[in-house]
Amino acid sequence: MFITLEGIDGCGKSTQARLLAAALKHAGRDVLLLREPGGVAISEKIRGLLLDPENAAMCDACELLLYEAARAQLVHEVIRPALAQDRVVVCDRFYDSTTAYQAFAGGSTREDADRANALAVGDCRPDVTFVFDIDPEKAAVRREGRNDAPDRMEEKGLEFQQCVAEGFRTIAREEPQRVRTIDASQPVDAVFACMLAELAHAGLAVDAADARAALLQPEA
Ligand code: TYD
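> Could you clarify how one ought to interpret the layout of surface pockets in this entry?
In this model, the largest pocket occupies a volume close to 1100 Å³. Surrounding the largest pocket, 46 residues form its lining, Lys13, Ser14, Thr15, Asp92 and Arg146 being those nearest its centre. For the lining of the largest pocket, the elements supplying multiple residues, two or more each, are α1 (13-26), β2 (31-35), α2 (41-51), α3 (60-84), α4 (95-105), α6 (136-144) and α8 (188-201). For the lining of the largest pocket, the element with the most residues is α1, which contributes 9 residues.

> Help me understand the site of the ligand in this model?
The immediate surroundings of the ligand are formed by 16 residues, with Asp9, Lys13, Tyr67, Thr98 and Gln102 found nearest. The separation between an oxygen atom of the ligand and a polar side-chain atom of aspartate 9 is 2.7 Å. For the ligand, the protein covers 92% of the area, taking 550 Å² as the surface of the free molecule. For the ligand, the cavity whose grid points lie within 2 Å of the majority of its atoms is the largest pocket. Of all the secondary structure elements, the ones that give two or more residues to the shell around the ligand are α1, α2, α3 and α4. In the shell around the ligand, the residues fall into 5 nonpolar, 4 polar and 7 charged.

> Honestly, the pairing of strand β4 (residues 128-133) in this entry has me stumped. Any pointers?
Successive residues of a regular strand alternate their side chains across the two faces of the sheet. In terms of burial, β4 is a largely internal element, 5 of the 6 residues being buried. The sheet contact formed by strand β1 (residues 2-7) and β4 spans 5 bridges and is parallel. Note on β4: the bridge partner recorded for isoleucine 3 is valine 128. Here β4 runs beside strand β5 (residues 179-183); their pairing, made up of 5 bridges, is parallel. Looking across to β5, one finds that phenylalanine 132 is bridged to isoleucine 182.

> Is there a simple way to explain the pattern of salt bridges in this structure?
Where side chains of opposite charge bring their charged atoms close, a pairing between them can arise. In this structure the tally under the stated criterion is 18 salt bridges. Two residues, glutamate 63 and arginine 152, come together in a salt bridge whose shortest N-O distance is 3.0 Å. Note that glutamate 63 is positioned in helix α3 and arginine 152 in the loop between α6 and α7 (158-174), a separation of 89 residues in sequence. Of the residues examined, glutamate 63 reaches a relative accessible area of 5% and is grouped as buried. Here arginine 152 falls in the buried class, since its relative accessible area comes to 7%. Ionic pairing is found between arginine 178 and glutamate 175, a salt bridge with its closest N-O pair at 2.9 Å. Classification of arginine 178 by relative accessible area gives buried; the value is 7%. Judged by relative accessible area, glutamate 175 falls into the partly exposed class, the value being 33%. A cluster of three or more residues bridged by salt bridges with shared partners is formed by Asp133, Glu166, Arg169 and Arg173.

> Can you help me understand the packing of aromatic side chains in this one?
The way to describe two aromatic rings as a pair is by their centre distance and the angle between their planes. Per the stated rule, a full pass over the model turns up 5 aromatic pairs. With a centroid separation of 5.0 Å and 75° between ring planes, the pair formed by phenylalanine 2 and phenylalanine 94 is classed as edge-to-face. In this pair, phenylalanine 2 is assigned in strand β1 and phenylalanine 94 in the loop between β3 (88-92) and α4, connecting sequence segments 92 residues apart. The residues phenylalanine 2 and phenylalanine 94 share a single accessibility class, namely buried. Aromatic side chains tyrosine 101 and phenylalanine 168 sit 6.3 Å apart centroid to centroid with 75° between the ring planes, which places their arrangement in the edge-to-face category. In this pair, tyrosine 101 is assigned in helix α4 and phenylalanine 168 in helix α7, connecting sequence segments 67 residues apart.

> Quick question: what am I supposed to make of the side chain of glutamine 161 here?
Mapped onto the elements of the fold, glutamine 161 is located in helix α7. A relative accessible area of 1% places glutamine 161 in the buried class. Polar contacts involving the side chain of glutamine 161 include one to the side chain of aspartate 9, which spans 2.8 Å. Look past the residues within four positions of glutamine 161 in its chain and what remains in contact with it is Ile8, Asp9, Tyr101, Pro136, Arg143 and Met153.

How each quantity is defined
- Residues numbered from 1 in each chain as written.
- Predicted model: local features only at pLDDT ≥ 70, side-chain atom pairs only at ≥ 80, totals over all residues.
- Heavy atoms only, no water.
- 1 Å grid on protein atoms, 1.4 Å probe; cavity = no way out; pocket = protein on both sides within 12 Å on 5 of 7 lines; lining within 4 Å.
- Points joined across faces, edges and corners; volume = space filled by probe spheres on them.
- Helix = DSSP H or I, 4+ residues; strand = E, 2+ residues; numbered from the N terminus.
- Near = heavy atom within 4 Å.
- Polar contact = N/O pair within 3.5 Å; in protein donor to acceptor, adjacent residues only side chain to side chain.
- Areas by Shrake-Rupley, 256 points an atom, 1.4 Å probe, with all protein chains shown as cover.
- Sits in = over half its atoms within 2 Å of the grid points.
- Nonpolar A, V, L, I, M, F, W, Y, C, P; charged D, E, K, R; others polar.
- Buried < 20%, exposed > 50% of the residue type's maximum accessible area, 1.4 Å probe, protein only.
- Pairing = 2+ DSSP bridges.
- Salt bridge = Lys/Arg side-chain N within 4 Å of Asp/Glu carboxyl O.
- Phe/Tyr/Trp six-rings, centres within 6.5 Å; stacked < 30°, edge-to-face > 60°.
- Contact = heavy atoms within 4.5 Å.

Here is the structure:
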């Protein structure tokens, strides 16, 4: 099973990805937790280019193609082989981020983003995608709590994040079977419970004891 987690910057999905992977491991599943852009050496190098604030001159096509290049390598090296071995793959962001960030909020067309996504992933598509929906102003406050400097994408500002959030809402409306929206303004454990309830509907049940064990596990 292939599960992806999506949302604007600061929506809390990375915490939820970690919790989900931990709960599934407690439940005895063979789980692989990945993030995009990145996850393998070549894609992590591309991530460095994409997020470096010094690369402010990057044009829209370069940005789109670099995200896709990182994704193609991750799919080829890790995701496809893991799914072939029946592992559960949990990925923090995947191609819906390109649709929301580069097409809805950025300067690429939807058609180009769709074509580039298809080229990068082929038939390797998520079974379930969670979109963590939160007011961009609240997410910005959460991000201020972190003490790292904003990366090139975070520097694009609040209006950009609002367009990204709208993009994710549209994707969720377009594909209600695959994409489940979760209210990410709730506390971490409530968001986690909502995600597990949705996952149970999709055929992957995690018991309460495994969920609790994940919540108690210290952050790696
Ligand atoms: P990251 O630090 O991983 O953000 P987060 O912790 O919020 O997931 O940085 C990834 C950034 O790249 C984030 O701002 C979203 C952006 N992004 C795109 O614009 N397009 C994409 O296809 C992907 C995967 C990410």
